[in-house]
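# Observations on the three-dimensional arrangement
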Amino acid sequence: MNPQVGIIMGSDSDLHVMQAAADILSTFGITFELTVVSAHRTPLRMVDYATQARKRGLKVIIAGAGGAAHLPGMVASLTPLPVIGVPVKSSNSIDGWDSVLSILQMPNGIPVATVALNAAKNAGILAASIIGAFDEQIGDKVADYKKNLEAEVLAKADKLKKEGWHNQYDQ
């Protein structure tokens, strides 16, 4: 089966962050590909990847980048697919702010959905939600995932209450 999501990153040093997107997509049973595409060091590879992504069957692209973080925006300018940007706090980053702002502040006409710094897991969940809007099976898996999050929080609240922590809200 062809991959539905492309996970790309500017450098293999971003893999420790971007792995979370791959892991959550696997949980949902969504096929993906993962590779390095640098906007600055391999611009022709980036153009080829972005312009051919839809023809190859991808539905969403998750692009992680640190520092100047041009990859998500440049890819978004070249493809009609939704692009989710993951700002990465890298070794050449200014506490990650340069990455966040580079991905977040896109000009009108070139949208990039942007998640929090190093939040590749959220990018994977968002990609699954996009696919799940048109694929009932994936949509159900995303809904179940969110129900499980609710159950986890309620179990933690109950544990605090049982261990002696009380507040007006729980009474």
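Residues numbered from 1 in each chain as written. Predicted model: local features only at pLDDT ≥ 70, side-chain atom pairs only at ≥ 80, totals over all residues. Heavy atoms only, no water.

## As for the overall build of the protein
Under the convention used in this document: Working definition: helices are DSSP H or I runs of at least four residues, strands are E runs of at least two. Numbering for both runs from the N terminus. Note on exposure labels: buried denotes an accessible area under 20% of the residue type's maximum, exposed denotes more than 50%, and partly exposed covers the range between, all computed with a 1.4 Å probe on protein chains only. Residues count as neighbours in contact if any of their non-hydrogen atoms are within 4.5 Å of one another. Asp and Glu count as negative and Lys and Arg as positive, but His and the ends of the chain are not part of the count. The location of each charge is read from NZ of Lys, CZ of Arg, CG of Asp or CD of Glu.
Helix and strand counts for the protein come out as six helices and five strands. Listing each helix as α and each strand as β along the protein from the N terminus yields β-α-β-α-β-α-β-α-β-α-α. The buried share of the protein, reckoned over its 171 residues, is 40%. Residue pairs at least 24 apart in sequence account for 68% of intrachain contacts in the protein once pairs closer than 6 positions are excluded. Considering the protein, the positive charge centre built from 15 side chains and the negative charge centre built from 16 side chains are found 3 Å apart.

## Here we look at the side chain of Ser11
What counts, and what does not: Counted as a polar contact is a pair of N or O atoms within 3.5 Å, where, for protein atoms, one must be capable of donating a hydrogen and the other of accepting one, and residues adjacent in sequence contribute only when both atoms are in side chains.
Relative to the helices and strands, Ser11 is located in the loop between β1 (5-9) and α1 (15-27). Since its relative accessible area comes to 18%, Ser11 is described here as buried. Here Ser13 takes part through its side chain, which lies 3.0 Å from a polar atom of the side chain of Ser11. Sequence-distant contacts of Ser11, that is, excluding residues within four places in its chain, are made with Val36 and Arg41.

## Considerations on the nonpolar core
Defined as follows: Within this scheme, the nonpolar core is defined by two criteria: the residues are buried Ala, Val, Leu, Ile, Met, Phe, Trp, Tyr or Cys, and they are joined through side-chain atoms within 4.5 Å.
In terms of nonpolar packing, the biggest core is built from 27 residues, with Val5, Ile7, Met18, Phe28, Ile30, Ile62 and Val86 touching the most fellow members. Taken together, the elements giving at least two residues each to this core come down to β1, α1, β3 (60-66), β4 (83-88), α5 (120-132) and α6 (136-162). The contacts of Ile30, once residues within four sequence positions are left out, are Gln4, Val5, Leu25, Ala128, Ile131 and Ile138. Core analysis: the second largest hydrophobic core is formed by 19 residues, Ile8, Ala39, Ala53 and Val112 among them.

## Points about the pairing of β3
Filter applied, for reference: We call two strands paired when DSSP finds no fewer than two bridges between them. By convention, a crossover is right-handed whenever its connection, traced from the first strand over the helix to the second and viewed with the strands pointing away, goes clockwise.
Among the seven residues of β3, six are classified as buried, and the element is accordingly described as predominantly covered. When β1 meets β3, the two strands line up parallel, connected through five bridges. Paired with Ile7 across the strands is Ile62, a residue of β3. Between β3 and its parallel partner β4, the chain crosses via helix α3 (residues 71-78), and the hand of that crossover is right-handed.

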